[in-house]
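Fold and contact review
So you can see what is in the structure, the chains are spelled out below.
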Amino acid sequence: MRSVRNVNAHQPVNLFGGIEAGGTKFVLMVATDPEHIFARSSIPAREPAVTIPEMIRFFTQAQEHLGSLCAIGVASFGPVDLNPRSPHYGCITTTPKVAWSNFNWFEQFQKALGLPLKVDTDVNCAALGERKWGNAQGLDNFIYLTVGTGIGGGAMVGGTVYHGQSHLEMGHMRVPHDRQQDPFPGVCPYHGDCLEGLASGPALEHRWGTKPADLPPKHPAWELEADYLALALVNLIYTLSPQRILLGGGVMKQVHLFDLLRDRIMRLLGGYHLPSSMDSFLLPPGLGDESGVLGAIALAQQTHAYAEQGGDDENPPLFQK
Ligand code: ADP
Ligand code: ZN
C-alpha cells in the first residue's frame, strides 16, 4: 500500500474518504474535489480479511496526517442490497467473488472505522461524480454506462440517482442476438447472451480469441460491438429519456466506437425522438478513470450534508441532489 501523502499543506475544512471497490483493485482516496486530492492508494482486491484491514489502515493513517474525515463513500461492485428497509441493506449479495458474498459494508467496515458511511454501486457513484465535476454538470437526466469486465449503468433521473428496488442492472438487458450472424453464445453466467454476455470485454476476448485492446480499429469485432451497444442505448433512450449518455470502461477506450455508435443510434431511432446533437449526446466521462472514486467522495459529501441537516446518518435515504 502506498503510504498517505500530504499533497497540500493547507488543512481543508471538510475532508471526505472515497473507496472504489472493483473486481481487481480497490482505489482509496481522501479529497474534497478533483483539484484537492490529499491521499490516494490502490490495493489489489483480495478477500475481505486482507483488504479490510488495509483499508482501515489507510484511512486511519490519513486521519492522523490530515485530520478527521466527515464521512466515507463506497462505490462498490455489485450486486449490493441498497434497499434501506432490507435486513441485508449494504450487503454485497450474489457475487461470483465468493469471499465477498454477503459482505456487509456497515457491519464489517463502518463499525471498525467509526465514521458515517454510505454505499452505492460503482456506476451510480460515477454518475454522481460526473454530475458534480465531470461531463454531466448541470444535467438532471443522464446515464452513465461502463463497458468493461462487466457492463453496468446508473441513471440520474430528475436530479436523483434512480435505485428502484435496489439498483439497476442495465448490463443484463436483452438485446436481439442473430445467432447466424454471431453464433457466439455469450459469457454471462446467468443469461448467456444478455448485453454483458455479448458485448463486455470478456465477451470480445472469448469471441475473437484476442484481448480487445489488441483488436485493430477496422476489425469486424467493433462493428458487431457497436451493433449490440447501440441496441441497448436506444432502449435506454426510449425508457429513460436522458439528456446525455456517458460511456466509460476499458472497452470504450476504443474511441472510434463513439462514432460507430452515433451512426447506429441515429439509424435505430428512425427519426423519432432524436437528440438535438449526437456529438454532445454521447460522451466519455469527464473524470476519466476516476469517476467512480470521485463519485464515492461526492456520495460521502451528500451523506454528510444530509446528516448536518438533521437526518438519520445511519440510514440516509437513497439519494437526493
Ligand atoms: P473493470 O470493468 O474490471 O473495472 P475496465 O473498465 O478497465 O475494468 O475494463 C476491463 C475490460 O476492458 C477488460 O475486458 C479489457 O480487456 C477491456 N479493455 C481494457 N483496455 C481496453 C482497450 N484499450 N480497448 C478495448 N478493451 C479494453
Ligand atoms: Zn446477464
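Residues numbered from 1 in each chain as written. Chains lettered and ligands numbered in written order. Predicted model: local features only at pLDDT ≥ 70, side-chain atom pairs only at ≥ 80, totals over all residues. Heavy atoms only, no water.

1. Focus: the coordination of the zinc ion (ligand 2)
- At the metal site, the zinc ion (ligand 2) is ligated by His172 (ND1), Cys188 (SG), His191 (ND1) and Cys194 (SG), and these contacts range over 2.1 to 2.3 Å.
- Coordination geometry of the zinc ion (ligand 2): the four donor atoms subtend angles of 102 to 119° at the metal centre, consistent with an arrangement described as tetrahedral.
- Spacing between the donor residues of the zinc ion (ligand 2) along their common chain follows H-x15-C-x2-H-x2-C. Pair noted here: His172 is in the loop between β8 (160-161) and α4 (195-199) and Cys194 is in the loop between β8 and α4, with a separation of 22 residues, a long-range link. (Donors = N, O, S within 2.8 Å, 3.2 Å for Na, K, Ca; no water. Tetrahedral: all angles 85-135°; square planar, octahedral: opposite > 155°, others 65-115°. Helix = DSSP H or I, 4+ residues; strand = E, 2+ residues; numbered from the N terminus.)

2. Points about the confidence of the model for the protein chain
- Here the protein chain averages 92 in pLDDT, while 93% of its residues score no lower than 70.
- Scored below 50 in pLDDT, residues 1-7 makes 22 contacts in the model with residues more than four places away or belonging to other chains. (pLDDT = per-residue confidence, 0-100. Contact = heavy atoms within 4.5 Å.)

3. Focus on the pattern of salt bridges
- If you walk through the whole model with that rule in mind, you get twelve salt bridges.
- Residue Arg40 pairs with Glu290 through a salt bridge whose shortest N-O separation is 2.4 Å. Residue Arg40 is located in strand β3 (residues 36-44), and its partner Glu290 is located in the loop between β10 (282-283) and α9 (291-308); the two are separated by 250 residues in the primary sequence.
- Lys111 is paired through a salt bridge with Glu107; the nearest N and O atoms lie 3.1 Å apart. Taken together, the positions of Lys111 and Glu107, both in helix α2 (residues 105-113) and four residues apart, correspond to about one turn of that helix. (Salt bridge = Lys/Arg side-chain N within 4 Å of Asp/Glu carboxyl O.)

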